[in-house]
Amino acid sequence: MVLSDKSGQPEYDRKAELTAFDETKTGVKGLVDSGVTEVPRIFRIPSPENFNSQQTQLTLPTIDLGGINEDPIRRKEVIGQVKDALESWGFFQMVNHGIPVSVLDEMIKGVMDFHEQDTEVKKQWYTRDFSGKTRWLYNSNFDLYGAPVTNWRDSFYCTMVPDPPQPHELPPTCREILLDYSNQVMKLGVCLFELMSEALGLDPNHLLDMGCADGLAVLGHYYPSCPQPELTIGTPNHTDNDFITILLQDHIGGLKIFYQNQWTDVPPIPGALVMNAGDYLQLITNDKFVSSQHKVVANKVGPRVSVASFFTTGLIQTSKVYEPIAELLSKDNPVKYRGITIKEYADYYREKGLDGTSALLHFTI
Ligand code: OGA
Ligand code: NI
């Protein structure tokens, strides 16, 4: 069957080309290794990325988390900064977050080592089984068959909490560091949920008691160098389907946030982590904290590696229903979303794929 291509190219059998790509089990890295000099059409965006029009004076805030557990005045200050950042940008960078640089560096290396290991060994980890049966998933483009454009990116997705994988379920290339890193990210996440609860005027344990830190999935992204970066995209505009994301990026850059009608770079800062609010946080705060659109451009320089830690129970079936927090609602601020289960939202998000629209719209009242 000939399918029309949503990116506006002449009609071609996109499905067949996607299947052929999927069956290589070697992702975008496999294409680059094979020496492609042109971006194949499944990866082409409708209009080229204009890198030059995106220069801007705006600077994403950086919050120093040092001293918040010892000094109540510092803590209050930081709570104010977190509130301001999440109400406007939905994003901030963090320094003095408590995770040693050596752990960050090793985690980046673990992701690099996984993607750059022997191809035949790596292929054995390739799967598109989103049923929740497996805690480890490696593939290229989780939304390959649904999304309008295939992305210049390979990723793994690993559910670390509530039920940590057994060591044999994890690839040896990043097994130990994944367990260590995710333990430390969980501690940082707990601290952030306490700060955010206070920033919302709630009891410090409110978000934790709701279960916002009950699940953690770690994604290891690999963006190979691209021969024609303006013709494709590393990750298209999207918002995250989680409560919060803690992102570790290497030194290459390419992450951009849509803020005040323009795309702003998130420059790599050595030793820093980026944090952003996801759709579930926007939903339960009834739009007080915003889940902002962001994207990653493709780059001639590469590979770029990033590690996105998603606070969500994701693929795990739980019956918990999340809805806007009653204490935040008033006559002037009526409820905007219906209750959801995480599984329901995650399934809808994956089916829809990263098509540039927000999945939240589907759940408004
Ligand atoms: C994500 C994401 C950004 C990056 O995983 O949702 O936006 O820099 N990642 O890879
Ligand atoms: Ni994201």
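**Student:** Honestly, the overall build of the protein in this entry has me stumped. Any pointers?
**Tutor:** For the protein, the count of helices and strands is 9 helices and 12 strands. Its C-alpha atoms give the protein a radius of gyration of 20 Å, near enough to 21 Å, the size a compact globule of 365 residues would have. Buried positions account for 53% of the 365 residues belonging to the protein. Of the contacts formed within the protein by residues at least 6 apart in sequence, a portion of 78% connects residues at least 24 apart. A total of about 15,600 Å² of accessible surface is found on the protein, and carbon and sulfur atoms cover 52% of it.

**Student:** Just checking my understanding: could you explain the coordination of the nickel ion (ligand 2) for this structure?
**Tutor:** Perfect tetrahedral coordination of a metal by four donors corresponds to 109.5 degrees between them, and perfect octahedral coordination by six donors corresponds to 90 or 180 degrees. In this structure, His-238 (NE2), Asp-240 (OD) and His-294 (NE2) serve as the protein donors to the nickel ion (ligand 2), at separations of 2.1 Å. Motif for the nickel ion (ligand 2), donor spacing along one chain: H-x1-D-x53-H. Taken together, the residues span a long stretch of sequence, with Asp-240 in the loop between β6 (235-238) and β7 (244-249) and His-294 in strand β11 (residues 294-296) at a distance of 54 residues.

**Student:** It is not clear to me how the site of ligand 1 should be interpreted in this structure. Could you clarify?
**Tutor:** Taken together, the neighbourhood of ligand 1 is formed by His-221, Tyr-223, His-238, Asp-240, Leu-247, His-294, Val-296, Arg-304, Ser-306, Ala-308 and Phe-310. A distance of 3.1 Å separates an oxygen atom of ligand 1 from a polar atom in the side chain of His-238. Between ligand 1 and the protein, one listed contact pairs an oxygen atom with a side-chain N or O atom of Arg-304 at 2.9 Å. Here ligand 1, which alone exposes 290 Å², has 95% of that area covered by the protein. Every element with two or more residues in the shell around ligand 1 is listed here: β5 (216-223), β11 and β12 (304-311). With 4 residues, β12 is the largest single contributor of residues to the shell around ligand 1. Classifying every residue of the shell around ligand 1 by side-chain character gives 5 nonpolar, 4 polar and 2 charged.

**Student:** Explain helix α1 (residues 14-24) here, please?
**Tutor:** Helical geometry: 3.6 residues make up each α-helical turn, so side chains three or four residues apart lie on a common side. Turning to α1, its buried residues number three or more, namely Arg-14, Leu-18, Phe-21 and Asp-22. For α1, the buried positions fall inside an angular range of 100 degrees around the axis, keeping them on one side. Considering only its buried residues, α1 is in contact with α2 (27-33). Among the residues trailing α1, Lys-25 stands out with phi positive, at a value near 55 degrees.

**Student:** Would you explain the pattern of salt bridges in this entry?
**Tutor:** As a working rule, side chains carrying opposite charge can pair if their charged atoms are close by. Under the criterion given, the structure shown has 19 salt bridges. Of the charged contacts, one joins Arg-74 and Glu-77 as a salt bridge, the two residues approaching to 2.7 Å between their closest N and O atoms. On the criterion of helical spacing, the pair formed by Arg-74 and Glu-77 is a turn pair, its members being 3 residues apart in helix α3 (residues 72-88). Given a relative accessible area of 41%, Glu-77 falls into the partly exposed group.

**Student:** Would you mind showing me how to read the environment of Trp-263 here?
**Tutor:** Mapping Trp-263 onto the fold places it in strand β9 (residues 262-265). Among the residues examined, Trp-263 registers a relative accessible area of 13% and is labelled buried. Along the chain, Trp-263 and Ser-182 lie 81 residues apart, while their C-alpha atoms are 30 Å from each other.

**Student:** When you look at the pairing of strand β10 (residues 273-277) in this model, what are you seeing that I'm missing?
**Tutor:** On any regular strand, side chains alternate: one points to one face of the sheet, the next to the other face. With respect to burial, β10 is a largely interior element, 5 of its 5 residues being buried. In β10, alternate side chains face the same way, and those of Leu-273, Met-275 and Ala-277 on one face and Val-274 and Asn-276 on the other are all buried. Looking at chain direction, strand β2 (residues 91-95) and β10 are connected through 4 bridges and run antiparallel. Along β10, the bridge assignment pairs Phe-91 with Asn-276. As judged from the 4 bridges shared by β7 and β10, these two strands associate in the antiparallel manner. In the strand pairing of β10, Thr-245 is matched with Asn-276.

**Student:** Which parts of the structure should I look at to understand the sheet that holds β6?
**Tutor:** Strand pairs in the sheet, formed through backbone hydrogen bonds, run parallel or antiparallel to each other. Taken together, the 4 strands give an open sheet; going across it, the order is β6-β11-β8-β9, and neighbouring strands pair in antiparallel fashion. Edge positions in the sheet fall to β6 and β9, since each has one partner strand and no second. Neighbour-to-neighbour, the strand axes of this sheet turn through a mean angle of 25 degrees, independent of strand direction. As paired strands, strand β8 (residues 255-259) and β11 are joined by 3 bridges and run antiparallel to one another. In the strand pairing of β11, Ile-257 is matched with His-294.

Calculation notes
- Residues numbered from 1 in each chain as written.
- Chains lettered and ligands numbered in written order.
- Predicted model: local features only at pLDDT ≥ 70, side-chain atom pairs only at ≥ 80, totals over all residues.
- Heavy atoms only, no water.
- Helix = DSSP H or I, 4+ residues; strand = E, 2+ residues; numbered from the N terminus.
- Rg over C-alpha atoms; globule rule 2.2 N^0.38 Å.
- Buried < 20%, exposed > 50% of the residue type's maximum accessible area, 1.4 Å probe, protein only.
- Contact = heavy atoms within 4.5 Å.
- Areas by Shrake-Rupley, 256 points an atom, 1.4 Å probe, with all protein chains shown as cover.
- Donors = N, O, S within 2.8 Å, 3.2 Å for Na, K, Ca; no water.
- Near = heavy atom within 4 Å.
- Polar contact = N/O pair within 3.5 Å; in protein donor to acceptor, adjacent residues only side chain to side chain.
- Nonpolar A, V, L, I, M, F, W, Y, C, P; charged D, E, K, R; others polar.
- Arc of directions from axis to C-beta.
- Salt bridge = Lys/Arg side-chain N within 4 Å of Asp/Glu carboxyl O.
- Pairing = 2+ DSSP bridges.
- Axes fitted to C-alpha atoms, helices over the stretch in contact; angles between N-to-C directions.

By themselves, these figures tell us nothing about what the structure is for.
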